[in-house]
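Take a look at the letters that make up each chain.
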Amino acid sequence: MPTLTVQNMPGATLEVPVGATLLAALQAAGYDWMHACGAKGRCTTCRMIVQEGAELLTPPTDAELRYRTAGRLLSTERLTCQTRLPAGHVTGRVPQATQLPHQQYIK
């Protein structure tokens, strides 16, 4: 099964069910992850910095491409509510700007 590691969250290596978004997998594993628009791709609060394995993720959605064009999403970032991982392993980080105050993060 595909896996995701979030480097700055303690113990955050989880399985990503085929067809599930990264956000859905994170929530199912019990991680609290910011997503202000309710996972509809209408904001960028659920973004993740992808450090390894970006080529394994599904192609950017129209929403992600619009945010990139507008300068609100870097080429190294993906929206977890829009992104799926069909196979392999991806490593990422929660950007400091979207870290939740009650969640523990590692530097």
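Refer to the structure above for everything that follows.
Residues numbered from 1 in each chain as written. Predicted model: local features only at pLDDT ≥ 70, side-chain atom pairs only at ≥ 80, totals over all residues. Heavy atoms only, no water.

(A) Looking closely at the overall build of the protein chain. The helix and strand inventory of the protein chain stands at two helices and five strands. The order of α-helices and β-strands along the protein chain, N terminus first, is β-β-α-β-α-β-β. Relative to the compact-globule value of 13 Å for 107 residues, the protein chain shows a C-alpha radius of gyration of 12 Å, a close match. By principal-axis analysis of the C-alpha atoms, the protein chain measures approximately 35 × 30 × 25 Å. Taken across its 107 residues, the protein chain has 45% of its residues classed as buried. For the protein chain, the proportion of contacts with a sequence separation of at least 24, taken over those separated by at least 6, is 63%. Just so you have it, the protein chain exposes about 5600 Å², and 52% of that area is on carbon and sulfur atoms. (Helix = DSSP H or I, 4+ residues; strand = E, 2+ residues; numbered from the N terminus. Rg over C-alpha atoms; globule rule 2.2 N^0.38 Å. Buried < 20%, exposed > 50% of the residue type's maximum accessible area, 1.4 Å probe, protein only. Contact = heavy atoms within 4.5 Å. Areas by Shrake-Rupley, 256 points an atom, 1.4 Å probe, with all protein chains shown as cover.)

(B) Quick look at the pairing of strand 3 (residues 47-52). Relative to strand 4 (residues 77-79), strand 3 runs antiparallel, the two sharing three bridges. Among the inter-strand pairings, Ile-49 is bridged to a residue of strand 4, identified as Glu-77. Pairing geometry for strand 3 and strand 5 (residues 89-93), over three bridges, is antiparallel. Bridge assignment links Ile-49 to a residue of strand 5, and that residue is Arg-93. (Pairing = 2+ DSSP bridges.)

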